[in-house]
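A closer look at the structure
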Protein chains: 4
Amino acid sequence: MKVHADLCVIPMGVGVSVGEYIAECQRVLCEAGLTHHMHAYGTNIEGEWDEVMAAIKQCHERVHALGAPRISTTLKLGTRTDRSQSLQDKIDSVESKLDQ
Amino acid sequence: MKVHADLCVIPMGVGVSVGEYIAECQRVLCEAGLTHHMHAYGTNIEGEWDEVMAAIKQCHERVHALGAPRISTTLKLGTRTDRSQSLQDKIDSVESKLDQ
Amino acid sequence: MKVHADLCVIPMGVGVSVGEYIAECQRVLCEAGLTHHMHAYGTNIEGEWDEVMAAIKQCHERVHALGAPRISTTLKLGTRTDRSQSLQDKIDSVESKLDQ
Amino acid sequence: MKVHADLCVIPMGVGVSVGEYIAECQRVLCEAGLTHHMHAYGTNIEGEWDEVMAAIKQCHERVHALGAPRISTTLKLGTRTDRSQSLQDKIDSVESKLDQ
């Protein structure tokens, strides 16, 4: 089962600057070989469900290992059985409607 | 790693009434033996990370099997390494502050 | 326009214990006279769109005033034009299907 | 109060293809003159709290007007009092750490 995810990890108890923890999550996603695209309030990820979920678990483990005692993550998960669609397909679909 | 989750599954392409799909997710959580509590905009779940995530995957599989061609889920995931805390502990903590 | 909301406010830069900030949000919702129900990962709210949104803005203002320099909130918003439905109606609808 | 938002509007009861409704939300954000950037699972928005919230209300109104009887939106809201930061600043901060 393919999944489109949007991951937003919030480390708590480490002050207001959390960029180093978000960078660590980017490294996890790169190492996992998953297609991903960071935006200003999260990261889009696409891949097989189990691989995406394994990477997200590793994000929590590595953010804790870096020193964050508490994490609250918001995750969106999209699956569909009617047809396959990439992250870019979704953007193209909306943009084509805006061009009309 | 223990996790507190809040799961909100939205089946798409099946009309506006989605209660039967949400009921199926409740059955999955019961069968998995996970502590959970449904509210009006999702379901709180607590348990071991892998068990909670296996149940959430099964929710997607069974909602698709019931006929929903597309699903968009919003999931919150809370982990902490400083101490253990139950779902009820979190509610009690806030309520004790309100009583003061 | 009526709305069902689910509000989860995460204060950042104040350590791992955030119960006092969540309690302040509960006070805001009470003072606003909005129907609400706290669960372990957020609070369900129902009311007129503008009143609910005014209360959520006040939650941010008062959590900042209590000392949190940064806040990240996750908010779900449900509206429908086909029929009116209360928060309790949604729960009853799922539970009736589970009883069958 | 400035806010960073991430908006994901899900129309229900209109089938699986929702691109035209998402395109309508993009038009609302353009008309409102708000800085925004669409990604594959939502749209980043930055601006004054009241202006951003007025636009989000209008998204619900116009998606209903286009024919969707039910909408479930997930919205993230970030505010901070310690310093000002743009959407691009957040991305730059993480990328600079990845380059090190």
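To keep things clear, this report deals only with the structure shown in the data block. (Residues numbered from 1 in each chain as written. Chains lettered and ligands numbered in written order. Predicted model: local features only at pLDDT ≥ 70, side-chain atom pairs only at ≥ 80, totals over all residues. Heavy atoms only, no water.)

Some details on the interface of chain C and chain A
With 13 residues of chain C at the contact, the number on the chain A side is 13 residues. Each partner contributes to the roughly 1,000 Å² buried at the junction of chain C and chain A, and carbon and sulfur atoms together form 61% of this total. Looking at the side of chain C facing chain A, the largest losses of area belong to Ile10, Met12 and Val16 of chain C, adding up to 43% of the total buried there. At the junction of chain C with chain A, the criterion picks out zero salt bridges. On inspection of chain C and its partner chain A, the count reaches five residue pairs in polar contact (both at pLDDT 80 or more). For the side of chain C that touches chain A, the secondary structure elements donating two or more residues are strand S1 (2-12) and strand S4 (70-80) of chain C. (Contact = heavy atoms within 4.5 Å. Buried area = accessible area lost by both parts, 1.4 Å probe. Salt bridge = Lys/Arg side-chain N within 4 Å of Asp/Glu carboxyl O. Polar contact = N/O pair within 3.5 Å; in protein donor to acceptor, adjacent residues only side chain to side chain. Helix = DSSP H or I, 4+ residues; strand = E, 2+ residues; numbered from the N terminus.)

Description of the interface of chain A and chain B
When the parts of a complex come together, some accessible area is lost, and that lost area is often used as the size of the interface. Residue-level contacts link 25 residues of chain A with 25 residues of chain B. Both faces considered, chain A and chain B share a buried interface measuring about 2,100 Å² in area, 55% of it formed by carbon and sulfur atoms. When the area that chain A buries against chain B is broken down by residue, the three leading residues are Lys57, Arg70 and Leu77 of chain A, summing to 22%. Counting the contacts that link chain A with chain B gives two salt bridges. For the pair chain A and chain B, the interface holds 13 residue pairs in polar contact (both at pLDDT 80 or more). Among the elements that make up the side of chain A that touches chain B, the one with the highest residue count is strand S4 (residues 70-80) of chain A (eleven residues). When grouped by side-chain class, the residues that make up the side of chain A that touches chain B number eight nonpolar, nine polar and eight charged. (Nonpolar A, V, L, I, M, F, W, Y, C, P; charged D, E, K, R; others polar.)

Remarks on the packing of helix H1 (residues 19-31) of chain A against helix H3 (residues 87-99) of chain D
Each pair of packed helices gets described by two things: the angle between the helix axes and the distance between those axes. Direction vectors running N to C along H1 of chain A and H3 of chain D enclose 65 degrees, while the axes themselves pass 8 Å from each other. The interaxial crossing formed by H1 of chain A with H3 of chain D has right-handed handedness. Contacts between H1 of chain A and H3 of chain D pair Gly19, Glu20, Ile22, Ala23, Gln26 and Arg27 of chain A from the former with Ser93, Val94, Lys97 and Leu98 of chain D from the latter. The residue inventory of the contact of H1 of chain A with H3 of chain D, partitioned by class, reads four nonpolar, three polar and three charged. (Axes fitted to C-alpha atoms, helices over the stretch in contact; angles between N-to-C directions. Left-handed = near helix turned anticlockwise from the far one by under 90°.)

Some thoughts on the relation of the copies chain A and chain B
Here the two chain copies are tied together by a rotation about an axis and a shift along that axis. By a simple turn and slide, chain A fits onto chain B: the slide is 0.0 Å along the axis, the RMSD is 0.0 Å, and the turn is 180 degrees. Seen this way, the second copy is the image of the first under a two-fold rotation axis. Residue Leu75 of chain A, judged by its C-alpha, is the member of chain A lying nearest the rotation axis, at 2.5 Å. In this assembly the copies share their binding face: 100% of the residues contributing to the interface of chain A also contribute to that of chain B. (Least-squares fit on C-alpha atoms with pLDDT ≥ 70 in both.)

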